[in-house]
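# Observations on the model geometry
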Amino acid sequence: MNKLLIALLILGFQASAQQKINFPTPPASPVASFMQELGNAEIKISYGRPFARGRKIFGGLVPYDSVWRTGAGESTQFICSDEVMLGDQLIPPGRYSFYTIPTPANWIIIINTDTIIHGAFGYSQAKDLLRVTVPSEQLTAFQEVFTIEINDINNRGGGTLQLRWENTSVKIPVRSTADEKVCRQIEEIVLRQQNQTPDVLFQAAAYYYATSRDLSLAAEWVGKAEQTDGNNFSYPNLLQKIAGDRKQYEKAIAAAKRALALAEKSKMNNQISQLRKRIEELENKYSGKN
């Protein structure tokens, strides 16, 4: 082997030894995103999830009284497809950045219109859409990784936006405005304008039933609808549900039997089976009550 070849081999070995090695390590703060439907609105949140790793978080890694990106990496993104209320503040549909200012007792929640800055660098209060102040709470169990969730969802399109990390929890009421819009329409059309058509009465009764409102009024509305149109299966079927929830089992059984007769007439096999079971269940409750 000549000297030139030996020199080239040595240089090759040296270059190979000096090559940078990159291990495929997982991200320090993995990115997460989720979508939650509230009423007519879809809320999407994407954020980085840092770990505590034995560090002092609030009042330490995350200073008090300073704007925080509410996560790691890029600023946390808040997107809503329809208008929602955060606390008592209205957010129009759109894409926003989500910041917070933690303090020992309260947090300021910020929705900002600038969505392209990195973290909180370049944040401008002049671009805030709104600010909401909420109290912080102490967690009973340590939260290692920062978490954002929407919990406590109810049948009126409301819920709780919750932030948790270390021993701190922050909860912000959030809700769609769809429920109050529907209720205003029902009040205007059914109560003020006295629109008593069966379909309108049924829709109003069905919404009151679905959102746990005045069931006596809902029963009155759907009862009027059935009196006007006795061939619509949906009317007695809803009425038996309302009466059952009100523990008016005799009325519920009678309405369920009327619904069953219409289901049998139209050969609605699934509904027939369900209503037969329902009638048996209601009769057992009625006999137990008496």
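Residues numbered from 1 in each chain as written. Predicted model: local features only at pLDDT ≥ 70, side-chain atom pairs only at ≥ 80, totals over all residues. Heavy atoms only, no water.

Turning to the overall build of the chain, a few remarks are in order. Within the chain, the secondary structure is distributed over 7 helices and 9 strands. Since a compact globule built from 290 residues should have a radius of gyration of about 19 Å, the 30 Å found for the chain marks it as more spread out than a globular shape. Over its C-alpha atoms, taken along the principal directions, the chain stretches across nearly 105 × 55 × 35 Å. Residue burial in the chain is summarised as follows: out of 290 residues, 40% are buried. Within the structure as shown, the chain displays about 16,300 Å² of accessible surface, and the carbon and sulfur contribution to it stands at 51%. (Helix = DSSP H or I, 4+ residues; strand = E, 2+ residues; numbered from the N terminus. Rg over C-alpha atoms; globule rule 2.2 N^0.38 Å. Buried < 20%, exposed > 50% of the residue type's maximum accessible area, 1.4 Å probe, protein only. Areas by Shrake-Rupley, 256 points an atom, 1.4 Å probe, with all protein chains shown as cover.)

Taken together, 9 strands build an open sheet; the order of strands is S1-S2-S3-S6-S7-S8-S9-S4-S5 and the sheet is antiparallel. Unpaired on one side and paired on the other, strand S1 (31-38) and strand S5 (89-91) mark the two borders of the sheet. Here the strands of the sheet are splayed against their neighbours by 35° on average, with no regard to which way each runs. (Pairing = 2+ DSSP bridges. Axes fitted to C-alpha atoms, helices over the stretch in contact; angles between N-to-C directions.)

When the terminal C-alpha atoms of helix H4 (residues 215-228) are compared, their 20 Å separation across 14 residues agrees well with the 20 Å that a helix rising 1.5 Å per residue should span. Those residues of H4 lying buried are Leu215, Leu217, Ala218, Ala219, Trp221, Val222, Gly223, Ala225 and Glu226. The elements touched by buried residues of H4 are helix H2 (178-192), helix H3 (198-210), helix H5 (234-245) and helix H6 (249-265). (Expected span 1.5 Å × (residues − 1). Contact = heavy atoms within 4.5 Å.)

The buried fraction of strand S3 (residues 76-80) is high, at 4 of 5 residues. Where strand S2 (residues 41-48) meets S3, 4 bridges bridge the pair, whose relative direction is antiparallel. By the bridge assignment, Ile45 is partnered in S3 with Phe78. One ladder, built from 5 bridges, connects S3 with strand S6 (residues 94-102); its direction is antiparallel. Of the residues in S6, the one forming a bridge with Gln77 is Ser97.

One can find Arg246 in the loop between H5 and H6. The sequence separation of Arg246 and Leu129 amounts to 117 residues, and the corresponding C-alpha distance is 44 Å. Beyond its immediate stretch of four places on either side in the chain, Arg246 contacts Leu215, Ser216 and Ala219.

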